[in-house]
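Residue strings, one per chain:
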Amino acid sequence: MRSLVTGAGGFLGQYLTEKLVARGENVRAFCRGRYDALDRLGVETVRGDLEDIDLLRKACKGVDVVYHTAAISGIGEPWGRYWRTNTLGTENLLDAAVGAGVGKFVYTSSPSVTFDGGDQLGVDETVPYPRRWLAHYPHSKALAEERVLSMNPAWMLTCALRPHLIWGPRDRALIPRLIARARAGRLRRVGDGTNRVDMIYVENAADAHLQAADAMRDEKSPNVGRAYFLSQGEPVNCWEWIDEILVGLGMAPIDRSVSLSTAMNVGRVCEWVWKLFRWKSDPPMTRFLALQLAKNHYFDISAAKRDFGYEPKISTEEGMRRLLAYFRETKV
């Protein structure tokens, strides 16, 4: 088998690439930069952008399975950037994959494609996309997910996975950002501190991608053309989990809070200022982020268990032990 992993130099993409190599598959990586970790794995690398259709055709040539993890995340980019990479880039990759005769396509989506600003209490995949989008990232990902799932299975078998809040060793975004804000005294609890959220350890998310691809045997396979929520299967209190990380790394727990209404007002102002000055960095707060930090959002993952045998192999407790050990050693 030859697999193509887009975003192979990223957090999830690197773990997925390692697992594919470990089980003896021939892996090709598609990413924008050069990564020593990929060189050490000995995988073939095609460097480029998802807007380059000719390069995508080259990357898909001779490939059996595409794992599309590459995306622009965050909350500070203009709509055009998200659309060109996350939506148009996915459409380009789909077209290149079909043209190259790729048999399977697994898309890394996000549970945020269903977030409408309210609590999500154990919802399953029947929950619809929101009528009003609160941020560009989930909007662009939802458009891409729709395109992936609308593919004719006679051309290519597809499915979409929605892992929520991926964490673990080697994370270069979520955990380092929490640590930096805590050290700068800029971390505040948003809301009443009781909201529960789902999350997923990075290796469990990578395993789910392999399981989903393996389960797509033909057009009648139950996961073809479907999207799936993924998590540890046990929601946690968002702020207690963050405190556990901080305390585990020798820092003080969060001791200050802001109400959701205050955070929403701050987010509204930040959005206006960042748009006015066209700053490219992520603002410290937006209305979408405030709602994500204060509301419950956890999901029913029984469909993934039923249709392709997903089961989190690494427990939250074991994952936390590995996470803390890694960040203590690296001293981020």
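The structure we're discussing is the one just above.
Predicted model, so just to flag it, every value in this text is computed and none were measured.

To continue, consider the pairing of strand S1 (residues 2-6). Within S1, five of the five residues are buried, which leaves the element mostly enclosed by the surrounding structure. Side chains Arg2, Leu4 and Thr6 project from S1 onto one buried face, and the interleaved Ser3 and Val5 project onto a second face that is buried too. Relative to strand S4 (residues 65-68), S1 is paired through four bridges, and the arrangement is parallel. Each residue of the ladder has a partner; that of Val5, found in S4, is Tyr67.

For soluble globular proteins, the rule of thumb is that nonpolar side chains tend to be buried together. Core analysis: the biggest nonpolar cluster contains 39 residues, and Tyr67, Leu161, Leu230, Phe308 and Tyr310 have the highest contact counts within it. Broken down by secondary-structure element, the contributors of at least two residues to this core are helix H1 (11-22), strand S2 (26-31), S4, strand S7 (157-163), helix H7 (202-215), strand S12 (227-230) and helix H11 (302-308). Examining the composition of this core, we find that eight residues originate from one element, H7, more than from any other. Leaving out residues up to four positions away in the same chain, Tyr310 has contacts with Ile200, Asn204, Ala208, Gln211, Leu230, Ser231, Ile301, Ala304 and Lys305. Core analysis: the second largest hydrophobic core is formed by 33 residues, Ile242, Ile245, Met285 and Leu323 among them.

The next thing to look at is the sheet that holds S7. Across the sheet, which stays open at both edges, the seven strands sit in the order S3-S2-S1-S4-S5-S7-S12 with parallel pairing between neighbours. Looking at which strands have only one partner, the edges of the open sheet turn out to be strand S3 (44-47) and S12. Strand-to-strand twist in this sheet, taken as the mean axis angle between neighbours without regard to direction, amounts to 20°. Bridge analysis of strand S5 (residues 104-108) against S7 gives five bridges, and the strand direction is parallel. The partner of Phe105 across the bridge, within S7, is Thr158. Running over the sheet, H1 touches S1, S2, S4 and S5 and is turned about 170° from S1.

Reading the values: the criteria
Residues numbered from 1 in each chain as written. Predicted model: local features only at pLDDT ≥ 70, side-chain atom pairs only at ≥ 80, totals over all residues. Heavy atoms only, no water. Buried < 20%, exposed > 50% of the residue type's maximum accessible area, 1.4 Å probe, protein only. Helix = DSSP H or I, 4+ residues; strand = E, 2+ residues; numbered from the N terminus. Pairing = 2+ DSSP bridges. Core = buried A, V, L, I, M, F, W, Y, C linked by side-chain atoms within 4.5 Å. Contact = heavy atoms within 4.5 Å. Axes fitted to C-alpha atoms, helices over the stretch in contact; angles between N-to-C directions.

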